Amino acid sequence: KYGIDELGFPLVVKPRSGSVARHVTTNIQNKEDLQQAIYKAIVYSPVFIIEKFIENSFVYRATVVDFDYVAVVKQVPANIVGDGNSTIQELVKKKNDDKRRGEPHQKEFTLYKCVIDNTTMRLLAEKKYNLQSIPEKHKTIYLQKNPFLKLGGDLVEVTEKVHPNNIKLFKDIAKLFDIRLVGIDFLIPDISFSWQNQLCAVLELNNVPCIEMHHFPSSGAPRNVANALVDLFFKYY
């Protein structure tokens, strides 16, 4: 009732406890799918959260150190970019051959190989593609709906492109919660424009953030969050 009557579709359902994106359902459009999403969530946790789904947005991770240092990466669902010659399957293999990408069980990696599953086949079919299709040059083909790293998602370093109002927002959030190291998951269509001029949301805060996301992006220059963290440590301890 809360999801349908108070929030309205589309919706998101996820376990309340940290599940690292497991048992999460996004872009729920009807009552039946909402019921299924709730059943899926309570398999993992007896308590779940229902939220409004924000369409046409990307997830950004902003890590704030000592209320001042800010690094931001854009999380992009697993994808390939056409070269005009190779099939989608060949492009996936080429991307997965990148030595920076590991298997889901390998903890020492930040980036992982692209996963081809039922979601992939559905997304391709919607665009009239299959694994043997040859996409045109520079065309991005998404292989997953969600930007999870374990499914082959990309991390794009975007700190220099972030609008100053958004940087201020991240610092203000850290100050509000009085936390000197925090990872802010932020949903917004375009990080280069102010949050005040577009529909956006803070997804969650992480008090033990994964700083290697900034050290090992799939594209863009790495940000040395670890150095800022060491400076923080010596400043106070």
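Data block above holds the structure.
Our subject in this report is the structure included herewith.

Cut-offs applied
Residues numbered from 1 in each chain as written. Predicted model: local features only at pLDDT ≥ 70, side-chain atom pairs only at ≥ 80, totals over all residues. Heavy atoms only, no water. Phe/Tyr/Trp six-rings, centres within 6.5 Å; stacked < 30°, edge-to-face > 60°. Lys NZ or Arg CZ within 6 Å of the ring centre and 35° of its normal. Helix = DSSP H or I, 4+ residues; strand = E, 2+ residues; numbered from the N terminus. Buried < 20%, exposed > 50% of the residue type's maximum accessible area, 1.4 Å probe, protein only. Polar contact = N/O pair within 3.5 Å; in protein donor to acceptor, adjacent residues only side chain to side chain. Contact = heavy atoms within 4.5 Å. Salt bridge = Lys/Arg side-chain N within 4 Å of Asp/Glu carboxyl O. Expected span 1.5 Å × (residues − 1). Arc of directions from axis to C-beta. Patch = residues over 30% accessible without salt bridge, like charges linked within 9 Å, V, L, I, M, F, W, Y side chains within 5 Å. Areas by Shrake-Rupley, 256 points an atom, 1.4 Å probe, with all protein chains shown as cover. Pairing = 2+ DSSP bridges. Axes fitted to C-alpha atoms, helices over the stretch in contact; angles between N-to-C directions.

What follows covers the packing of aromatic side chains. All chains considered together, the criterion is met by three aromatic pairs. Relative to Phe234, the ring of Phe233 lies with its centre 5.7 Å away and its plane at 85 degrees, an arrangement referred to as edge-to-face. Between Phe233 and Tyr237, the ring centres sit 5.4 Å apart and the planes meet at 35 degrees, which makes this aromatic pair tilted. Through a chain of ring-to-ring contacts, three or more aromatic side chains come together here, namely Phe233, Phe234 and Tyr237. Positioned above the aromatic ring of Phe58 is the side chain of Lys74, whose terminal nitrogen or guanidinium carbon lies 3.9 Å from the ring centre.

A word on the environment of Ala21. Here Ala21 lies in the loop between strand 1 (11-15) and strand 2 (25-28). Placed 129 residues apart in sequence, Ala21 and Lys150 show a C-alpha to C-alpha distance of 9.8 Å.

What follows covers the side chain of Ser45. For Ser45, the position within the fold is in the loop between helix 2 (31-44) and strand 3 (48-52). Residue classification places Ser45 among the buried residues on the basis of a relative accessible area of 5%. Polar side-chain contacts of Ser45 include one of 2.9 Å to the backbone oxygen of Val47. Excluding residues that lie within four positions of it along the chain, Ser45 makes contacts with Pro15, Arg16 and Ser17.

Turning to the pattern of salt bridges, a few remarks are in order. The tally for this structure, following the rule as stated, stands at 12 salt bridges. The closest approach of N and O atoms between Asp97 and Lys93, which form a salt bridge, is 2.9 Å. Linked through salt bridges whose partners overlap, the residues forming this network are Asp66, Arg180 and Lys235.

This part is about helix 5 (residues 164-176). The end-to-end C-alpha separation of helix 5 is 18 Å, in line with the 18 Å expected for 13 residues at 1.5 Å each. Among all positions of helix 5, only Asn166, Ile167, Leu169, Phe170, Ile173 and Ala174 are buried. Seen along its axis, helix 5 keeps its buried residues to an arc of 160 degrees; they face one direction. Exposed side of helix 5, more than 90 degrees from the buried face: Pro164, Lys168 and Leu176 are the residues found there. Those residues of helix 5 that are buried are in contact with strand 4 (58-65), strand 5 (69-76), strand 11 (181-188) and strand 12 (201-206). Looking one or two residues past helix 5, Asp178 carries a phi angle of roughly 50 degrees, positive in sign.

The next point concerns a nonpolar patch on the surface. A cluster of nonpolar side chains, Val230, Phe233, Phe234, Tyr236 and Tyr237, forms an exposed patch at the surface whose accessible area comes to about 630 Å². Looking at where Tyr237 falls in the secondary structure, it is placed in the segment after helix 7 (225-236).

Across the sheet, five strands lie side by side as 10-5-4-11-12; this open sheet has antiparallel pairing. Each end of this open sheet is capped by a strand with a single partner; those strands are strand 10 (154-157) and strand 12. Neighbouring strand axes in the sheet, compared pairwise and without regard to direction, differ in orientation by 25 degrees on average. Note: strand 11 against strand 12, five bridges, orientation antiparallel. Following the sheet pairing, Gly183 is matched in strand 12 by Asn206. Contacts from helix 5 reach strand 4, strand 5, strand 11 and strand 12, with the element oriented near 135 degrees to strand 11. Helix 7 rests against strand 4, strand 5 and strand 11 of the sheet, and its axis sits at about 30 degrees to strand 4.

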